[in-house]
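Summary of structural features
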Amino acid sequence: MDDQPGAPPDSEIVTLLEQGEEADALTALERLSTAGAADQQTCLRSLKAAADDRPELFDGVLTSLTEFLQNSERPTRLTTAKLFVTVSESVPDSVVPAAPTLAERLADESEFYYVRARCAEALGYVAVDHPDAVVSPEVVADLRIGLEFDKPEVTEKLAKALAHVALGSPDRLRYQVDSLAEHLRADSELVRYHLSTALVVIGSTCPEQLTDAREALVSCLENESRYVRGRAAEALGLLAGTDSMEAFPQAQLERLAADEKFVAERAQFALCQYRGTESADDFTGIAERDAIRTQTADIVSEIRMPEADGGCPHCGLSLPESDPPLCPGCGTPL
């Protein structure tokens, strides 16, 4: 570590937070802000490791940490953004004051794309419980437009954030249905899964809005991903319960009713909605926001598992052929 005047030892801030010495931790963060790049990286990695284990420690210091999201050094910004993702996933209330800074990083087209991706991911986690603090029209636009122009590593996080926005406040995306549906043919299975999930959540409160996505959802019934097929059937079931459904894909759904469980249950739900024979007790957890929120982390983990053979063994991210020394997604040495 560089012998930079004023730089705190790499474990000092973590120790102070663990001891409840928040004021001293804030003072140490001020010292860190003037330290050299190597010192900052070492200390921020220590903070990120602590956040993995005890994210609640950071409740009172996250506002001070936003300074490092605007640091001139890209590795410093990326490590800080990943720290915010970790905290926002477990204790999103703590991250609410930092939401404007995260939104600024997301909106900055000159920012390193992995930093933008992590900021989008953190905003999504916060949006589930605090949509009013996060989901401005500008943030929605940045997430939606980025699906068209950003790198695949970013679009996965943008799609994930949009699914979380829907979980927090489906109405915020009710007029974005056609735009989201355009990306249901994306190469990334995760993008397709997150966007089909977002459409189901929107449809759970505004089923008639799914009319604009009907054609794309029917196409997704043939998708190679069982989770995309299942979500598409789920969304079509919601649409079938309205007066807006045309050309119901009955034959396709009848075939899917013999598919594996995740798909079959949702195909049966859609068929019962179409026939008007469904019973709420028969489809507990289907097209319900709380259930979808609970299911998603495990589903994403399962989708990511096959990628590990050709990507990072720690997070599953596809890696460039140049074999970087660190995974750009999770920062782990390769």
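This text follows the structure it describes.
Everything numeric here is computed off the predicted structure, so don't read it as measured data.

Now for the packing of helix 13 (residues 189-205) against helix 15 (residues 226-240). Interhelical geometry of helix 13 versus helix 15 gives an angle of 20 degrees and a closest axis separation of 9 Å. The orientation of helix 13 with respect to helix 15, classified from their angle, is roughly parallel. In this structure, helix 13 crosses over helix 15, and the sense of that crossing is left-handed. Where helix 13 abuts helix 15, its residues E189, R192, Y193, S196, T197, V200, G203 and S204 lie against Y227, V228, R231, E234, A235 and L238. Looking at the contact of helix 13 with helix 15 residue by residue, the class counts come to six nonpolar, four polar and four charged.

With that out of the way, let us pick up the nonpolar core. Formed by 108 residues in total, the largest nonpolar core has its most connected members in L47, F58 and L65. The element contributing the most residues to this core is helix 8 (residues 113-129), with 11 residues. Not counting the four nearest positions on each side in its chain, F58 is found in contact with L17, L47, A50, A51, L65, L83 and V87.

The subject of this paragraph is the packing of aromatic side chains. A ring pair, where both rings are aromatic, is described by two values, the distance of the centres and the angle of the planes. This model, assessed by the stated rule, comprises seven aromatic pairs. Pairing F112 with Y114 gives two aromatic rings, centres 5.5 Å apart and planes at 65 degrees, and the pair type is edge-to-face. Y114 gets classed as buried once you look at its relative accessible area, which sits at 6%. Put simply, the rings of F112, Y113 and Y114 touch in pairs and so form one group of aromatic residues. The residue whose ring lies beneath K151 is Y113, and the NZ or CZ to ring-centre distance is 5.0 Å.

The subject of this paragraph is the side chain of T80. The residue T80 is located in helix 5 (residues 74-90) in this model. Among residues more than four places away in sequence, those in contact with T80 are L44, L65, F68 and L69.

Now for the environment of C119. Within the element layout of this structure, C119 appears in helix 8. Since its relative accessible area comes to 0%, C119 is described here as buried. Through-space distance from the C-alpha of C119 to that of K82 is 8.0 Å; in sequence the pair is 37 residues apart. Beyond its immediate chain neighbours, meaning those up to four positions away, C119 contacts L69, A81, L102, R105 and L106.

What follows concerns the packing of helix 5 against helix 8. As a packed pair, helix 5 and helix 8 sit with axes 8 Å apart at the nearest point and diverge in direction by 20 degrees. Here helix 5 is positioned roughly parallel relative to helix 8, judged by the angle of their axes. At the point where helix 5 passes helix 8, the crossing takes the left-handed sense. Every residue of helix 8 that contacts helix 5 at R74, R77, L78, A81, K82, F84, V85, S88 and E89 is listed here: Y114, V115, R118, C119, E121, A122, Y125 and V126. Split into classes, the residues belonging to the contact of helix 5 with helix 8 amount to 10 nonpolar, one polar and six charged.

Procedures and definitions
Residues numbered from 1 in each chain as written. Predicted model: local features only at pLDDT ≥ 70, side-chain atom pairs only at ≥ 80, totals over all residues. Heavy atoms only, no water. Axes fitted to C-alpha atoms, helices over the stretch in contact; angles between N-to-C directions. Helix = DSSP H or I, 4+ residues; strand = E, 2+ residues; numbered from the N terminus. Parallel < 35°, antiparallel > 145°, perpendicular 65-115°, else oblique. Left-handed = near helix turned anticlockwise from the far one by under 90°. Contact = heavy atoms within 4.5 Å. Nonpolar A, V, L, I, M, F, W, Y, C, P; charged D, E, K, R; others polar. Core = buried A, V, L, I, M, F, W, Y, C linked by side-chain atoms within 4.5 Å. Buried < 20%, exposed > 50% of the residue type's maximum accessible area, 1.4 Å probe, protein only. Phe/Tyr/Trp six-rings, centres within 6.5 Å; stacked < 30°, edge-to-face > 60°. Lys NZ or Arg CZ within 6 Å of the ring centre and 35° of its normal.

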